[in-house]
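The chain contents come next:
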Amino acid sequence: MPDLQSVIRNPLLSSDPDHPRVRAVLEASSDDLANATRPSFLEHSDSPVFWGPAEWEGMDRDREDIFNWEKIEESFDPERFLVDGYAVFKDIMLPDARDRWVEAAKQGQWINDALIRADWSQIDWEGLGRPSPENRLESEAIEKAIGGSQQVPQSDDSAGVLTLRNHSVFAEYFPAGHLPFLMDVLTHPKMLALQRMALGTHDIFFDHNQLLTRPGGYSGGSWHSHKIGGGHDDCGTADLNTYRAQPNAVLNICYPEGFEAEDDGGLKIVRGSHLFRDPSGCRFPDDEAMEREWLADRTHPVTSEPLQIERLSLPPGSLVCCLSHAAHAVSPKAVDKETRWATLYCYKKADERTGLVLPSHAVPPVWAVKAQRGELPKVLTELFRPSYDRELTQGLTDPY
Ligand SMILES: O=C(O)CCC(=O)C(=O)O
Ligand SMILES: [Fe+2]
């Protein structure tokens, strides 16, 4: 039985449906659950979590274009993407979309900061499926977390941080549920077309969505890659056809204002590193360690070129598509530079050999429940399917 420190991430995929905390969430109405995720001290005018049919229809009706599709097609080569593990799309956002993207990222950060600063005793913890937390965040931790992403301490749930993350009370986790424009992007026909092109299949699913705000003074992000689950991690190098057939996930990191290569919170990445499928082994604090301990004795399994760190520099309106296993890191941001705004959308596909789609655990419970109850538009119901359809996930309750 899960104890208080282990959050039940998605009650619909829980292996323990009779657990009182699972039942508390599943027996609630969608409205009550939505209300619990938006405490009154949060700015939530027009939060998509409260939308009904009229608002969803409005989103479709008023939708504008976001990408220059010709540029996307020109810069994408599917074979190259599989060999490199990533593809860079420079300046593909239309000017108006770019502005709205920055505005939404700023608003999302503002909502996130409001939660970090708020009095958490006002939160409806029972509504989120747990008693009031026993601990509070330290004020030093609060100050450090303001204005950036992934900065709130969350090694356990003693202060309730994991619960607030899981339910997307924090706007940085699933910001599309807070900001109409980011929801528009998540379901936008051009965004979905880009995913179908990158994953090489029509049937695509949603995995997770985050804000990635890097303010001046950000100390940088260490080298890592992400697991895909299903036994396809830490299992040795794959040839291209094996790799293609896996239940791959693609991270789309969207940089509406771009970044420079040095001291600007820019993305660093290693071409070909995904093919090693080594998320547990390829974790290093800095470039020197990465070069010495992982890159030095490896060459690209297909091209035989030496593996090396690439420090990207991107103009405004850019997007990087990156396979989950590709090793990446983030450069520090100089103290005197303006915040780097970014949002991440991750989509995935089925295992081509078995049809298995791995469970999505970063769909907040209220969204999984709404999808299962038929309360969302068809496109979202399908994208969220791995968060509630146990046939599709072949009985698995956890991706790993
Ligand atoms: O901030 C970035 O550019 C990348 C962040 C990242 O690696 C991640 O969210 O997994
Ligand atoms: Fe990452």
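Every value quoted in this text rests on a predicted model; they were computed, and no experiment measured them.

(A) Quick peek at the overall build of the chain. When helices and strands are counted, the chain shows 14 helices and nine strands. Projected onto the principal axes, the alpha-carbon positions of the chain cover approximately 55 × 50 × 45 Å. Sorting the 400 residues of the chain into buried and exposed places 57% on the buried side. Put simply, 81% of the contacts in the chain that link residues at least 6 apart link residues at least 24 apart. Just so you have it, the chain exposes about 16,700 Å², and 47% of that area is on carbon and sulfur atoms. Positive and negative charge centroids in the chain, built from 40 and 64 side chains respectively, lie 2 Å apart.

(B) Molecular detail of the sheet that holds strand β6 (residues 309–311). Strand order in the open sheet formed by four strands is β3-β8-β5-β6, with antiparallel pairing between adjacent strands. The open sheet terminates on both sides in strands that have one partner only, identified here as β3 (221–224) and β6. Pairs of neighbouring strands in the sheet enclose a mean axial angle of 15°, with direction left out of account. Each of β3, β5 (267–270) and β6 is contacted by helix α12 (residues 287–295), which is oriented at about 150° to β6, the strand it contacts most.

(C) Seen up close, helix α10 (residues 189–199). Every buried residue of α10 is listed here: M191, L192, L194, Q195, A198 and L199. Taken end-on, α10 shows its buried residues confined to a sector of 155°, consistent with a single buried face. Looking at the residues trailing α10, positive phi occurs at G200, about 70°.

(D) Here's a closer look at the site of ligand 1. Residues in close proximity to ligand 1 include Q150, L212, R214, H224, H226, Y255, L267, H328, V330 and R340, which together make up its full environment. Within the side chain of Y255, a nitrogen or oxygen atom sits 2.8 Å from an oxygen atom of ligand 1. Interatomic distance of 2.8 Å between a side-chain N/O atom of R340 and an oxygen atom of ligand 1. Starting from 300 Å² of accessible surface for ligand 1 in isolation, the protein chains cover 95%. Its residues assigned to classes, the shell around ligand 1 comprises four nonpolar, four polar and two charged.

(E) Quick look at the coordination of the iron ion (ligand 2). Ligation of the iron ion (ligand 2) by protein atoms is provided by H224 (NE2), H226 (NE2) and H328 (NE2), these donors lying 2.1 Å from the ion. The sequence pattern describing where the donors of the iron ion (ligand 2) fall on their chain is H-x1-H-x101-H. Within this pair, whereas H226 is found in the loop between β3 and α11 (240–245), its partner H328 is found in strand β8 (residues 328–330), the two being separated by 102 residues in sequence. When its relative accessible area of 29% is taken as the criterion, H226 is described as partly exposed. Classification of H328 as buried rests on a relative accessible area of 5%.

(F) Up close: the sheet that holds strand β4 (residues 249–255). Strand order across the open sheet formed by five strands is β1-β7-β4-β9-β2, with antiparallel pairing between neighbours. Edge strands, defined here as strands with exactly one partner in the open sheet, are β1 (86–89) and β2 (205–211). For this sheet, the mean inter-axis angle between neighbouring strands, taken without regard to orientation, is 15°. The pairing of β1 with strand β7 (residues 318–323) spans four bridges and is antiparallel.

(G) A look at a negative patch on the surface. A grouping of E64, D96, D99, E103, E257 and E338 is seen on the molecular surface, where their side chains present a negatively charged patch. Its place among the elements puts E64 in the loop between α3 (53–61) and α4 (69–75). Its relative accessible area of 43% is what places E64 among the partly exposed residues.

(H) Region of the structure containing the pattern of salt bridges. Applying the stated rule across the entire model yields 25 salt bridges. Note that R63 and D60 form a salt bridge whose closest N and O atoms lie 3.1 Å from each other. A salt bridge links D297 to R298; its shortest N-O distance comes to 3.9 Å. Among the residues examined, D297 registers a relative accessible area of 64% and is labelled exposed. Overlapping salt bridges, with partners in common, bring together R80, D84, R271 and E310 in one network.

(I) How the structure looks around the nonpolar core. Ranked by internal contacts, the top residues of the largest apolar core, which has 60 residues, are F67, W367 and F384. Non-local contacts of F67, meaning those with residues more than four positions away in its chain, are made with I72, I92, M93, L94, W101, K190, M191, L194 and L319. Listed in part, the 22 residues of the second largest apolar core include A36, L128, A145 and V152.

About the thresholds
Residue positions are given per chain, counting from 1 as you read along its sequence in written order. The naming scheme follows written order: chains are lettered A onward, ligands numbered 1 onward. Given that the model is predicted, a residue must reach a pLDDT of at least 70 before its local features are reported, and side-chain atom pairs must reach 80 or more before they are shown or counted; all residues, however, enter totals for whole chains, interfaces and linings. Each side-chain value is derived from all of the structure's non-hydrogen atoms; neither hydrogens nor water enter the calculation. Helical segments are the DSSP runs of H or I of at least four residues, strand segments are the runs of E of at least two, and each set is numbered from the N terminus. Three exposure classes are used, based on accessible area relative to the maximum for each residue type with a 1.4 Å probe and protein chains only: buried under 20%, partly exposed in between, and exposed over 50%. Throughout, a contact is declared for two residues whenever any of their heavy atoms are within 4.5 Å. With residues, only the protein chains shown are counted as cover, and all accessible areas are computed by Shrake-Rupley using a 1.4 Å probe. The charge count treats Lys and Arg as positive and Asp and Glu as negative. His and the chain ends do not count. Working definition for charges: the position is that of NZ of Lys, CZ of Arg, CG of Asp or CD of Glu. Whether two strands pair comes down to DSSP finding at least two bridges between them. The angle between two axes is taken between their N-to-C directions and runs from 0 to 180 degrees, where each axis is a line fitted to C-alpha atoms and a helix contributes only its stretch in contact. Arc, as used here, means the arc of the directions from the helix axis to the C-beta atoms. Whether a residue is near a molecule or strand depends on its heavy atoms: it is near if one of them lies within 4 Å of it. Residues adjacent in sequence count toward polar contacts only when both atoms are side-chain atoms; beyond that, a polar contact is any pair of N or O atoms within 3.5 Å, and within protein one must be able to donate a hydrogen and the other to accept it. Under the grouping applied here, Gly and all other residues not named as nonpolar or charged are polar, the nonpolar ones being Ala, Val, Leu, Ile, Met, Phe, Trp, Tyr, Cys and Pro and the charged ones Asp, Glu, Lys and Arg. A donor here means an N, O or S atom no more than 2.8 Å from the metal, or no more than 3.2 Å when the metal is Na, K or Ca. Since water is not included, a site may seem to lack partners. The patch calculation keeps residues exceeding 30% relative accessible area without a salt bridge and links them within 9 Å when they carry like charges or within 5 Å when they are nonpolar (Val, Leu, Ile, Met, Phe, Trp, Tyr). For this document, the term salt bridge refers to a Lys or Arg side-chain nitrogen within 4 Å of an Asp or Glu carboxyl oxygen. Buried Ala, Val, Leu, Ile, Met, Phe, Trp, Tyr and Cys residues that are joined via side-chain atoms within 4.5 Å together make up what is termed a nonpolar core.

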